[in-house]
Amino acid sequence: LMVRLGLRAGEVASLGLDDIDWRAGEIIIRGKGNRVERLPLPVDVGEALVGWLQRGRPRCDTPKVFTRVRAPHREMSRAAVSAIVNAAGLRAGLVGMNAHRLRHTAATEMLAAGADLIEIGQVLRHASVLTAAIYTKIDHQTLRPLALPWPGSSS
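Residues numbered from 1 in each chain as written. Predicted model: local features only at pLDDT ≥ 70, side-chain atom pairs only at ≥ 80, totals over all residues. Heavy atoms only, no water.

1. Details of the pairing of strand β3 (residues 36–40)
Right, on to step 1. Of the pairings in the sheet, the one linking strand β2 (residues 26–30) to β3 comprises 5 bridges and is antiparallel in character. Note that in β3 the partner of Ile28 across the bridge is Arg38.
Right, on to step 2. Once β2 ends, the chain turns through 5 residues before running back antiparallel as β3, passing Gly33 with a positive phi of about 65°. (Pairing = 2+ DSSP bridges. Helix = DSSP H or I, 4+ residues; strand = E, 2+ residues; numbered from the N terminus.)

Given below as structure tokens:
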């Protein structure tokens, strides 16, 4: 959810079971400023959610998708989501990994796949296209073949 859709940690924590429309292939995001928006649910994200709901999520009364796996089985906080991302990053050898960095990764991946800043801003739910530009990183390897040689240089 964070890498593919650019969700914030708080949006992941607040995701409810009723926020997933399996038939329509959509997910309802409750974001900053009490905004409620629908996003398409990519197949791989849907499959990961199904895996969690069928094999990972403990039986409990909370209407939230993501819960603690150890008792008491209650909904996760934004801080807990961030801590899980950080711990997973450390296990992968990525020091300084945080939930917000995954949002940057989502924007960079969308840009690399050909999305424009308007589309990226819509997925990330930004009020301004300029904000989406901040999230995208310059991919020097991709730009290198486009660079023209400096006038008068031999290469």
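2. Details of the pairing of β2
Right, on to step 1. In the sheet, strand β1 (residues 20–21) pairs with β2 via 2 bridges, with the strands oriented antiparallel. Each residue of the ladder has a partner; that of Ile20, found in β2, is Ile27.
Right, on to step 2. Hairpin connection, β1 to β2: the antiparallel pair is bridged by 4 residues, and Gly25 has positive phi, about 70°.

3. Brief notes about the pattern of salt bridges
Right, on to step 1. Following the criterion strictly, the structure yields 7 salt bridges and no others.
Right, on to step 2. Between Glu11 and Arg125 there is a salt bridge, with its nearest N and O atoms 2.5 Å apart. Residue Glu11 is found in helix α2 (residues 9–14), and its partner Arg125 is found in the loop between α6 (117–124) and α7 (129–135); the two are separated by 114 residues along the sequence.
Right, on to step 3. Under the relative-accessibility criterion, Glu11 is labelled buried at 4%.
Right, on to step 4. Between Arg38 and Glu26 there is a salt bridge whose closest N-O contact spans 2.7 Å. Of this pair, Arg38 sits in strand β3 while Glu26 sits in strand β2, placing them 12 residues apart in sequence.
Right, on to step 5. Connected through salt bridges with shared partners, the residues Arg8, Glu11 and Arg125 form a single ionic network. (Salt bridge = Lys/Arg side-chain N within 4 Å of Asp/Glu carboxyl O. Buried < 20%, exposed > 50% of the residue type's maximum accessible area, 1.4 Å probe, protein only.)

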